[in-house]
Amino acid sequence: VRVPESAVLGKVGDGFRLAQKRLVPARLTHCMRWLGLADRTLELCKAYITTRESFGHVLARHQMIQKLIAVAATAIPAGNLMTWHCAWMLENGQKKEARPYSSMAKTHVARTLCKVLDDAIQMHGGLGFSDDVPCASWYRHARAARIADGPDEVHEVLVAREYLGSGLNLLVESAPRGRAEYLYKYSNILVQVFARSRRPRIRPPSRLPPAPAPLAA
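Keep in mind that this is a model prediction, so the values were computed, not measured.

Cut-offs applied
- Residues numbered from 1 in each chain as written.
- Predicted model: local features only at pLDDT ≥ 70, side-chain atom pairs only at ≥ 80, totals over all residues.
- Heavy atoms only, no water.
- Helix = DSSP H or I, 4+ residues; strand = E, 2+ residues; numbered from the N terminus.
- Buried < 20%, exposed > 50% of the residue type's maximum accessible area, 1.4 Å probe, protein only.
- Contact = heavy atoms within 4.5 Å.
- Polar contact = N/O pair within 3.5 Å; in protein donor to acceptor, adjacent residues only side chain to side chain.
- Patch = residues over 30% accessible without salt bridge, like charges linked within 9 Å, V, L, I, M, F, W, Y side chains within 5 Å.
- Areas by Shrake-Rupley, 256 points an atom, 1.4 Å probe, with all protein chains shown as cover.
- Salt bridge = Lys/Arg side-chain N within 4 Å of Asp/Glu carboxyl O.
- Axes fitted to C-alpha atoms, helices over the stretch in contact; angles between N-to-C directions.
- Parallel < 35°, antiparallel > 145°, perpendicular 65-115°, else oblique.
- Left-handed = near helix turned anticlockwise from the far one by under 90°.

(A) Geometry of the overall build of the chain. Along its length, the chain carries 8 helices and 2 strands. Seen in sequence order, the chain has helices and strands lined up from the N terminus as α-α-β-β-α-α-α-α-α-α. In the chain, buried positions account for 35% of the 217 residues. Partitioning the intrachain contacts of the chain with sequence separation of at least 6 by distance along the chain shows that 73% fall at a separation of at least 24.

This is the structure in structure tokens:
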């Protein structure tokens, strides 16, 4: 297909550069959706395991079930904070520096979503594999998260190269107190994203805690 020069957006040859420019913020929007879905999945699990009885007790009383819940309840906020930190870096103009952190967030959150959904199916038993609950259907689509926008392996290579090369800082600095308004802005973005989507909504925090004071040198 040939199009006239008037149809060109930007400059000829800049397509790849422009595509690369949107990758980091686009990964974060993926993470936002996936975190919301993982959170909703865990809520469905809670409703089921606190009412379904097995061997004389509700499922929530069994330690193996509690372990699955604990792992998910730890991984979800960890992914949320990784996404939050990377977004803060972008907000502060650290676009190049944010790339490996976006890869960390994308890989972690994608794997978390798949793990939460897989464990949810397991906790629901045969019901989880049926169409009576949405876990199996969600998992079928969620599994693409570990492939789309770069498979896990590509992101892991990028993170490793950054760490071994330029010396990636793993103990990252928290958002300063002067950026408290950004934290609220990020929460509002989450609300708007899920309000326009048919996906399960994530509840905005009712109150955000103040950022911790920086550690003394």
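(B) Local environment of the side chain of S102. Here S102 is to be found in helix α4 (residues 95-124). Residue classification places S102 among the buried residues on the basis of a relative accessible area of 0%. For S102, the side chain forms a polar contact with the main-chain oxygen of R99, separated by 2.6 Å.

(C) Quick look at a nonpolar patch on the surface. Taken together, the side chains of Y163, L164, L170 and L171 define a hydrophobic patch exposed on the protein surface, amounting to about 520 Å² of accessible area. On the secondary structure map, L171 appears in the loop between α7 (152-165) and α8 (180-195).

(D) Structural context of the packing of α4 against helix α6 (residues 135-142). As a packed pair, α4 and α6 sit with axes 9 Å apart at the nearest point and diverge in direction by 155°. One way to sum up the angle between α4 and α6 is to call them roughly antiparallel. When the axes of α4 and α6 are compared, the crossing they make is left-handed. Facing L113, C114, L117, D118, A120, I121 and H124 of α4, the residues of α6 in contact are C135, A136, W138, Y139 and A142.

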